[in-house]
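Structural overview
So the chains spell out like this:
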Amino acid sequence: MAERADVVFVDGVRTPFGRAGEKGMYWNTRADDLIVKAMIGLLERNPSLPKDRVDDVAIAATTQQGDQGLTLGRTAAILAGLPLSVPGYAIDRMCAGAMTSVTTTAGAIAFGAYDVAIAGGVEHMGRHPMGFGADPNPRFLAEKLVSVDALNMGLTAERLHDRFPQLTKERADRFGMRSQQKVAAAYAAGKIQPDLVPVSIRSEQGWGLATSDEGLRPETTMEGLAGLKTPFRPHGRVTAGNASPLTDGATVSLLASADTAKELGLTSKMRLVSFAYAGVAPEVMGIGPIPSTEKALKKAGLTIDDIGLFELNEAFAVQVLSLLDHFGIDDDDPRVNPWGGAIALGHPLASSGVRLMIQLARQFEERPDVRYGLTAMCVGLGQGGSVIWENPHYTGKKA
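The rules behind the values
Residues numbered from 1 in each chain as written. Predicted model: local features only at pLDDT ≥ 70, side-chain atom pairs only at ≥ 80, totals over all residues. Heavy atoms only, no water. Helix = DSSP H or I, 4+ residues; strand = E, 2+ residues; numbered from the N terminus. Rg over C-alpha atoms; globule rule 2.2 N^0.38 Å. Buried < 20%, exposed > 50% of the residue type's maximum accessible area, 1.4 Å probe, protein only. Areas by Shrake-Rupley, 256 points an atom, 1.4 Å probe, with all protein chains shown as cover. Lys, Arg positive; Asp, Glu negative; His and termini not counted. Charge placed at Lys NZ, Arg CZ, Asp CG, Glu CD. Patch = residues over 30% accessible without salt bridge, like charges linked within 9 Å, V, L, I, M, F, W, Y side chains within 5 Å. Salt bridge = Lys/Arg side-chain N within 4 Å of Asp/Glu carboxyl O. Axes fitted to C-alpha atoms, helices over the stretch in contact; angles between N-to-C directions. Parallel < 35°, antiparallel > 145°, perpendicular 65-115°, else oblique. Left-handed = near helix turned anticlockwise from the far one by under 90°. Contact = heavy atoms within 4.5 Å. Nonpolar A, V, L, I, M, F, W, Y, C, P; charged D, E, K, R; others polar. Pairing = 2+ DSSP bridges. Core = buried A, V, L, I, M, F, W, Y, C linked by side-chain atoms within 4.5 Å. Polar contact = N/O pair within 3.5 Å; in protein donor to acceptor, adjacent residues only side chain to side chain. Phe/Tyr/Trp six-rings, centres within 6.5 Å; stacked < 30°, edge-to-face > 60°. Lys NZ or Arg CZ within 6 Å of the ring centre and 35° of its normal. UniProt positions renumbered as here; feature names shortened; annotations may be inferred. Disulfide = S-S within 2.5 Å.

Description of the overall build of the protein chain
For the protein chain, the helix and strand inventory stands at 12 helices and 12 strands. Taking 2.2 N^0.38 as the reference for a compact globule, 399 residues should give roughly 21 Å; the C-alpha atoms of the protein chain span a radius of gyration of 20 Å, in line with that estimate. Reported as C-alpha extents along the three principal axes, the dimensions of the protein chain are approximately 60 × 50 × 50 Å. Looking at the 399 residues of the protein chain, the share that counts as buried comes to 58%. Counting every atom, the protein chain has about 16,200 Å² of accessible surface; 53% of that belongs to carbon and sulfur. Side-chain charges in the protein chain split into 40 positive and 45 negative, and the spacing between the mean points of these groups amounts to 1 Å.

What about a nonpolar patch on the surface?
A contiguous nonpolar patch, built from Phe140, Leu141, Leu145 and Val148 and spanning about 370 Å² of accessible area, is present on the exposed surface. With respect to the element layout, Leu145 can be found in the loop between helix H4 (139–142) and helix H5 (153–163).

Some remarks on the packing of H5 against helix H10 (residues 317–327)
Put simply, H5 and H10 touch, their axes get as near as 9 Å, and they point 40° apart. Taken together, the axis directions place H5 and H10 in an arrangement best described as oblique. Seen from above, H5 lies across H10 with left-handed handedness. Only Val318, Gln319 and Ser322 of H10 make contact with H5, whose side of the interface consists of Ala157, Leu160 and His161. The class makeup of the residues in the contact of H5 with H10 is 3 nonpolar, 3 polar and no charged.

Quick notes on the pairing of strand S8 (residues 247–257)
Along S8, 11 of the 11 residues are buried, which leaves the element largely enclosed by surrounding structure. The alternating pattern of S8 places Thr247, Gly249, Thr251, Ser253, Leu255 and Ser257 and Asp248, Ala250, Val252, Leu254 and Ala256 on opposite faces, both of which are buried. Pairing between strand S1 (residues 7–14) and S8: 7 bridges, direction antiparallel. Following the sheet pairing, Asp11 is matched in S8 by Leu254. The pairing of strand S2 (residues 18–19) with S8 spans 2 bridges and is antiparallel. Paired with Arg19 across the two strands is Thr247, which belongs to S8. Alignment of strand S5 (residues 116–124) against S8, held across 9 bridges, turns out to be antiparallel.

Re the nonpolar core
The biggest cluster of nonpolar side chains holds 39 residues, and the ones touching the most others in it are Phe310, Leu312, Phe316, Leu324 and Ile388. For this core, the element with the highest residue contribution is H10, accounting for 7 residues. Not counting chain neighbours up to four residues away, the residues in contact with Phe316 comprise Met153, Gly154, Ala157, Val238, Asn242, Ala243 and Met285. By size, the runner-up hydrophobic cluster in this structure holds 37 residues, among which are Val8, Ala210, Leu254 and Ala256.

Some remarks on the side chain of Thr260
As for its position among the elements, Thr260 is in helix H8 (residues 258–264). Side-chain polar atoms of Thr260 contact the side chain of Ser257, separated by 2.7 Å. With residues up to four places along the chain from it excluded, the contact list for Thr260 reads Arg53, Asp115 and Val116.

Quick look at the packing of aromatic side chains
Considering all chains together, one arrives at 2 aromatic pairs under this definition. For the ring pair Phe9 and Trp389, a centre distance of 5.8 Å and an interplane angle of 75° mean the geometry is edge-to-face. Taken together, the residues Phe9 in strand S1 and Trp389 in strand S12 (residues 383–390) connect sequence positions 380 residues apart. With respect to class, Phe9 is no different from Trp389; both count as buried. Between Phe275 and Tyr277 the ring centres are 6.1 Å apart and the planes differ by 65°, which places this aromatic pair in the edge-to-face class. A cation over a ring is seen here: Arg14 above Phe17, with NZ or CZ 4.4 Å from the ring centre. For Arg93, the ring lying beneath its charged end belongs to Tyr277, and the centroid distance is 3.7 Å.

Some words on the UniProt feature "domain: Thiolase N-terminal" (unreviewed entry) in the protein chain
When the UniProt feature table is mapped onto this chain, "domain: Thiolase N-terminal" (unreviewed entry) is found at residues 7–258. Segment residues 7–258 splits into 31% helix and 19% strand. End C-alpha atoms: 6 Å apart.

Description of the pairing of strand S4 (residues 88–91)
Pairing of strand S3 (residues 56–60) with S4 involves 4 bridges; the strand directions are parallel. Looking at S4, one finds that Ile59 is bridged to Ala90.

Topic: the state of the cysteines
With the rule as written, the count across this model stands at 0 disulfides. In this model Cys95 remains outside any disulfide bridge; the closest cysteine sulfur is found in Cys378, 6.0 Å from its own.

What follows is the structure, given as structure tokens:
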């Protein structure tokens, strides 16, 4: 048996993220076209990769129906111009879909079954609202296997505020405002744009080009956030200002064994160190990344103090804050989401995991003083996913 191969994150790109619904820029764009556009952009950025060397394509979606169904990995591979000899499949782990695409194909690379894989996700929440057409088994509620709240993500976030009174609405609002400010600063500094693949869009005004994320609100203030409605319960704490908006978008990444990347002249932006998933009570799904991170750290032989950069998915501010409190990290710690997150950028469910990786890979390039980074997210129905990465540019010295 060969030794485990080192798995590297070669590259990742995404479409700009659009607001879901009729007023969003992707209302007239097919879900499969979003992922295909991202895949074509990824292949064009890596011309030294022979297309027939791709061993598999894993594409995630949460609501697998219509133009977001039909074994997306295979259909997207064909539409993106990969040879018919390249297979593909679809994955569903709700919000951690793209993350699971990466870790599943990475496992195959580490095992030696694959040399190169494409992994990503897409969610067109305008065309395919979360849970649309789903038929949860009546036993879930009849036998009290889960709380009624478990199937409503906003209520699960309210439950976190109930469980941890120190996670106040003011802290959540401040975190949401900071996310908007950090994304605006990252855009102004040109950090986000290099990894966006422009998408042709059609509206009543005619054809256009999507080149930036649509939901940004850099003008957000604490006063403005204080007055927002709490849609999930009267006098609640979860609002549109401290939660991610409904979003459309696609992300995709190129993974390879370290040896194959070297052979083909491909970059190694990050090395996969460990990953883990964990389950928690569905009605408090937001705490999922805590046990999954503990598992991933244990597998890697690391502690939380070894992590120099955190890319945490901001499904809800309270969910990130619960992880920070658990590990004793300050709300404004500069290691955490330095370029902002999903509260500003959006969270197209199954695609978000790779967005976290794209941003971490860029930050690694700028931070040779940082050795390890973490991408982590909570997952609907009570799960968490965490991936630890090593910076190949690490020197131990500040840039």
